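The primary structure of each chain is shown beneath.
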Amino acid sequence: MTWEVLSFIGTIAFAISGTIIAMEEEYDILGVYILGIITAFGGGAIRNLLIGVPVSTLWDQSFYFIIALLSITIVFVFPTILSKHWDRWGNFSDAIGLSAFAIQGAMYAVELNHPISAIIVSAALTGCGGGIVRDVLAGRKPLVFRKEIYVVWAIIAGMALGSGVLSQAWQLYTLFAIITILRVLSYTYNWHLPNKKWVPKT
C-alpha cells in the first residue's frame, strides 16, 4: 500500500511540475504532455536501466499514466487557478515529488535485494532523474547540479532505506514527511552546498 501511495503522490507532483515548466517555456499542447510525462516517469526509466530492470515495465503502470495525463490536462485547461499559487506551491510540489519518488526508488531496490550503494543510486535517480531530463529539455540548468541542496535529500532517503531499520508503513511516511520538510527548508532558507568557480590563469 505504501508503494502505491508514494507512486500516486510522486506521479501527480512531477507531472504538474513538468507541465508548468513546459507552459512557462510556451510549449504547444503536445510538448506540454510530453514534458509532463517525461518528468513523471523519466527517473524511473533511468533507474530501471541501471539496476537491471527492463524499461518496458514502465508500460505496466497504466493507472499512473492515466493519473499523470489527468493532472497535466487539469493544469493545461485551468492554468489561472494554479498560477495564482504556483510561486508559493510550485517548489513544494517538486519537494513532494522528490521525497515520494526517492523513497519509492529505494524501496524498489530493497525488494530486489540490491546492496546499499544500489539503493542510494536508485533513490537518487528516481527522485531526481525526471527533473534532470525535464530541465534539460526545457533548456534550463538542471536544479540538481546547482549549489542549492536537492539530490542530497534523495541520497539520505536511500541511506535510510538501505540501512534496513525502516520497514513499517508509518516509518516510511515519517521519512517522506522529513525529506519533504528538509527540501522545503533548504530552498526557503537558501541552504546550499559549497561551490567554487574555476578561474583559468591568464
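Coordinates for the structure precede this section.
Just so it is clear, the structure is predicted and the values come from calculations on it, not from any experiment.

## What about the overall build of the protein?
Within the protein, the regular secondary structure consists of 7 helices and 0 strands. Ordered by position from the N terminus, the helices and strands of the protein form the series α-α-α-α-α-α-α. Here the C-alpha radius of gyration of the protein, 17 Å, is about what a compact globule of 202 residues would show, namely 17 Å. Projecting the C-alpha coordinates of the protein onto the three principal axes gives extents of approximately 55 × 45 × 30 Å. When burial is assessed residue by residue, the protein has 46% of its 202 residues classed as buried. Expressed as a percentage of contacts within the protein between residues at least 6 apart in sequence, the contacts between residues at least 24 apart total 75%. Accessible surface, the protein: about 10900 Å² in total, of which carbon and sulfur atoms supply 68%. Of the charged side chains in the protein, 12 are positive and 11 negative, and the gap between their average positions amounts to 14 Å.

## Re the side chain of Ser-7
Within the secondary structure, Ser-7 is located in helix 1 (residues 2–24). Among the polar contacts made by the side chain of Ser-7, one reaches the side chain of Gln-104 at a distance of 2.7 Å. Setting aside chain neighbours within four positions, we find Ser-7 in contact with Tyr-64, Phe-101 and Gln-104.

## As for unusual backbone geometry
Notably, Glu-26 is not glycine yet its phi reads approximately 60°, a positive angle. Tracing the sequence through the fold places Glu-26 in the loop between helix 1 and helix 2 (29–51). Despite not being glycine, Asn-113 shows a phi value in the positive range, around 60°. The residue Asn-113 is located in the loop between helix 4 (79–111) and helix 5 (116–137) in this model.

Conventions adopted
Residues numbered from 1 in each chain as written. Predicted model: local features only at pLDDT ≥ 70, side-chain atom pairs only at ≥ 80, totals over all residues. Heavy atoms only, no water. Helix = DSSP H or I, 4+ residues; strand = E, 2+ residues; numbered from the N terminus. Rg over C-alpha atoms; globule rule 2.2 N^0.38 Å. Buried < 20%, exposed > 50% of the residue type's maximum accessible area, 1.4 Å probe, protein only. Contact = heavy atoms within 4.5 Å. Areas by Shrake-Rupley, 256 points an atom, 1.4 Å probe, with all protein chains shown as cover. Lys, Arg positive; Asp, Glu negative; His and termini not counted. Charge placed at Lys NZ, Arg CZ, Asp CG, Glu CD. Polar contact = N/O pair within 3.5 Å; in protein donor to acceptor, adjacent residues only side chain to side chain.

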